[in-house]
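Given next are the chains, with one letter for each unit.
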Amino acid sequence: MAQYGILIYSPAPADPMDITPDYLALLDRYPAQVEELGGKIVTGFALAPSTTATAVRGDTVTDGPFIEAKEVVAGFFILEAPDLDVALRIAKLNPATRDGGVEVRPLFVWDGE
Amino acid sequence: MTDVTGAVERAVADAHRREWAFVLAATARVAGDFDLAEECVQDAYVAALDAWAREGIPRKPGAWLTTIAKRRALDALRRERVFRTKMPMLVEPDEAEVDEPDEDAVPDDRLRLIFTCCHPALAREAQVALTLRLVCGVGTGDIAKAFLVTETTMAARVTRAKKKISAARIPYRVPDSSELTERLDAVLSVIHLLYTTGHTAPSGADLVRADLVERALHLARMLLALMPDEPEVRGLLALLLFTDARRVTRTDAEGRLRLLEDQDRSLWDRAAIDEGRRLVLDSFRTGRVGRYALQAAIASLHAIAASYEATDWPQILGLYDQLLLVWPSPVVALNRAVAVSMVRGPEAGLAEIGSLARDGRLDGYHYLPAVRADLLRRLGRRDEAATAYQAAIDLVDNEAEQQFLAARLAECRPAA
């Protein structure tokens, strides 16, 4: 099994309080779908809206997310899956892909070389 | 002795061209890593030079090379003792299979290799580079030359792609039926891109690019042998054959571009056209035609027509209508506009082009003003044609096409 970080991008400011009942229903179903496709969610977090974020670059501190964009990171979870094909199938079912998107990124593994 | 050396060298070179994909695909399964697999396969080809001179050329060179390469891969893995940790994405090595000398018993892993190289998680340019490098065995230097980038850039591209396959665990697997159509489309696009890159190169300018044409045809044939039931594979091979049949008449002796209507049809390669026609018919018989089979069918009607005017334009227009349904691209719509002008006259073609121009997606595409210019010229509207030719010239970067358009522009300028 490999582990992937799934970064969830939603339209700014990605406020969890704005989530519609419809979206919430999809989220409720998601873990079962993940298991069905052969994956497992190890852990995951939702973030408070990007309006609450503070960016630090060098010694400059600014209000807002690190990169100003139409979509911001809304949360992330760690997915365990046998390979990228399975991870992508799972990612495609994430409700965030409807109005934003997700990034599938393998966790770094130190192989000792 | 020199004769023997020559014969062996030829046999090894031949096996490199024909069997590389088979040998590498099988070795990668054991090696679990493309870099190690490539190294072992290279070694096997070097070993062949010597061994074949001593023992004679084996009856099945591919099986011989695979056995040697797999053995080296296993030896390397035992030495490194990284059997379990190294790239677990690949199938577990099966030692029993390694010493099997019979080619029929060696599993054909070429499809796994092709689908891995063309995985949608890799950028198209990486898919193309990996396919040339791993499936065709072309050196990075030659790939760089064909795509007009430095060898360093191409080497970095190949390394990055291999690292992604390993780190993100892109599986070494043929996709299952639910994903096959989409995944096959990527493979066909890569082969088609290889062909067009070679085909549109300035004539005689670069042998490396001419080689791409051969590689693409070879890949399409290999894929058809591996997937005989896929009508789109048949369609792609047919499309390449029709295009290739006209290769010699595409430009004149000075390398200037020649339009289809001005080409000497007696010089077209009849054997390639006949093969293409059989493939198109077979493809249509399945009733599951896609964009390649439809494009091939259109090319087929051009190939069998006695002249540009005598072409079956109404049928071509019908095929473009179908093509637009499966592949709603503005470029297809532009080609359809040409067919419309041949069936219903230049005015009707211009109307289609007018709505395409307003759509805006073809802004910057030189064929749009070029086709418009041609239709205006046919209608005798020379001033407007000249303006359109100039617009096309401003957008085109291929020298042969630029010269062609400049010549047409000169014809349209009112005589002094």
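Keep in mind the model is a prediction, meaning the values are calculated, not measured.

A. Broad picture of the overall build of chain B. Across its full length, chain B holds 19 helices and zero strands. With the C-alpha coordinates aligned to their principal axes, the bounding extent of chain B is approximately 80 × 50 × 40 Å. Counting over 416 residues, chain B shows a buried share of 40%. A separation threshold of at least 6 residues defines the contact pool for chain B, and within that pool the share at least 24 residues apart is 63%.

B. The domain arrangement of chain B, seen in detail. Residue and element names in this part refer to chain B. When its domains are assigned, chain B resolves into domain 1 (2–88), domain 2 (108–210) and domain 3 (228–311). Of note, the centres of domain 2 and domain 3, computed from C-alpha atoms alone, are 25 Å apart. Contact residues are listed per partner, giving nine residues for domain 2 and eight residues for domain 3. For the side of domain 2 that touches domain 3, a count of residues per class yields five nonpolar, four polar and no charged.

C. Here's a closer look at the environment of Gly44 of chain A. Residue and element names in this part refer to chain A. With respect to the element layout, Gly44 can be found in strand β2 (residues 40–46). You can call Gly44 partly exposed: it has 14 C-beta atoms within 10 Å. For Gly44 and Ile78, which are 34 residues apart along the polypeptide, the C-alpha to C-alpha distance reads 6.1 Å. Among residues more than four places away in sequence, those in contact with Gly44 are Gly75, Phe76, Phe77 and Ile78.

D. Inspection of the confidence of the model for chain B at higher detail. All names here are of chain B. On average, chain B scores 89 in pLDDT, and the residues at 70 or more come to 91%. Every residue in residues 95–101 is under pLDDT 50, and counting partners more than four places away or in other chains gives eleven contacts. This prediction of the complex comes with two scores: 0.88 for pTM and 0.89 for ipTM.

E. A look at the nonpolar core. The biggest cluster of nonpolar side chains holds 134 residues, and the ones touching the most others in it are Leu24, Ile191 and Ala216 of chain B. It is helix α1 (residues 2–31) of chain B that provides the largest number of residues to this core, a total of eleven residues.

F. Representation of unusual backbone geometry within the structure. Ala12 of chain A connects to Pro13 of chain A through a cis peptide bond whose omega is 5°. Looking at the secondary structure, you find Pro13 of chain A in the loop between β1 (2–11) and α1 (21–36). Unlike most non-glycine residues, Leu148 of chain B shows phi in positive territory, near 55°. Turning to its location among the elements, Leu148 of chain B is positioned in the loop between α7 (140–146) and α8 (151–167). The backbone of Arg169 of chain B shows a phi angle near 55°, a positive value even though the residue is not glycine.

G. Region of the structure containing the sheet that holds strand β5 (residues 71–81) of chain A. Residue and element names in this part refer to chain A. The strand order across the open sheet formed by four strands is β2-β5-β1-β6, and the pairing between neighbours is antiparallel. On the outer flanks of this sheet lie β2 and β6 (101–106), each paired with one strand and no other. On average, adjacent strands in this sheet sit at an angle of 20° to one another, irrespective of strand direction. In the sheet, β1 pairs with β6 via six bridges, with the strands oriented antiparallel. Pairing of Ile8 across the sheet is with Val102, part of β6.

H. Seen up close, helix α5 (residues 110–117) of chain B. Burial within α5 of chain B is extensive, with seven of its eight residues counted as buried. Residues of α5 of chain B that are buried include every one of Arg110, Arg112, Leu113, Ile114, Phe115, Thr116 and Cys117 of chain B, and no others.

I. A look at the pairing of strand β3 (residues 54–57) of chain A. All names here are of chain A. Here β3 pairs with strand β4 (residues 60–63) via four bridges, running antiparallel. Counted as the bridge partner of Ala55 is Thr62 from β4. Here β3 hands over to β4 after two residues, with Gly58 in that stretch at a positive phi of 60°.

J. Geometry of helix α9 (residues 177–199) of chain B. A rise of 1.5 Å per residue sets the reference length of α9 of chain B, with its 23 residues, at 33 Å; its end C-alpha atoms lie 33 Å apart and thus fit the reference within 8%. The sharpest bend along α9 of chain B comes to roughly 25°, located at Arg183 of chain B.

K. The arrangement of the packing of helix α18 (residues 382–395) of chain B against helix α19 (residues 399–412) of chain B in detail. Residues and elements named next belong to chain B. Contact pair α18 / α19: the axes reach a minimum separation of 9 Å and the direction vectors enclose 160°. Classified by the angle between their axes, α18 and α19 sit roughly antiparallel to one another. In this structure, α18 crosses over α19, and the sense of that crossing is left-handed. For the pair α18 and α19, contact is made by Arg382, Ala385, Ala386, Tyr389, Gln390, Ala392 and Ile393 and by Gln402, Leu405, Ala406, Arg408, Leu409 and Cys412, respectively.

L. Looking closely at the packing of helix α16 (residues 346–359) of chain B against helix α17 (residues 367–378) of chain B. All names here are of chain B. As a packed pair, α16 and α17 sit with axes 10 Å apart at the nearest point and diverge in direction by 155°. Relative to α17, the element α16 lies roughly antiparallel. Relative to α17, the crossing made by α16 is left-handed. Residue-level contacts link Pro346, Gly349, Leu350, Ile353, Leu356 and Ala357 of α16 to Leu368, Val371, Arg372, Leu375 and Arg378 of α17. Of the residues that constitute the contact of α16 with α17, the class distribution is eight nonpolar, one polar and two charged.

Reading guide: rules and limits
Residues numbered from 1 in each chain as written. Chains lettered and ligands numbered in written order. Predicted model: local features only at pLDDT ≥ 70, side-chain atom pairs only at ≥ 80, totals over all residues. Helix = DSSP H or I, 4+ residues; strand = E, 2+ residues; numbered from the N terminus. Buried ≥ 20, exposed ≤ 12 C-beta atoms within 10 Å, placed from the backbone. Contact = placed C-beta atoms within 7 Å. Domains from an automatic or database assignment. Nonpolar A, V, L, I, M, F, W, Y, C, P; charged D, E, K, R; others polar. pLDDT = per-residue confidence, 0-100. Core = buried A, V, L, I, M, F, W, Y, C linked by C-beta atoms within 7 Å. Pairing = 2+ DSSP bridges. Axes fitted to C-alpha atoms, helices over the stretch in contact; angles between N-to-C directions. Expected span 1.5 Å × (residues − 1). Bend = angle between axes of the 7 residues up to and from the residue. Parallel < 35°, antiparallel > 145°, perpendicular 65-115°, else oblique. Left-handed = near helix turned anticlockwise from the far one by under 90°.

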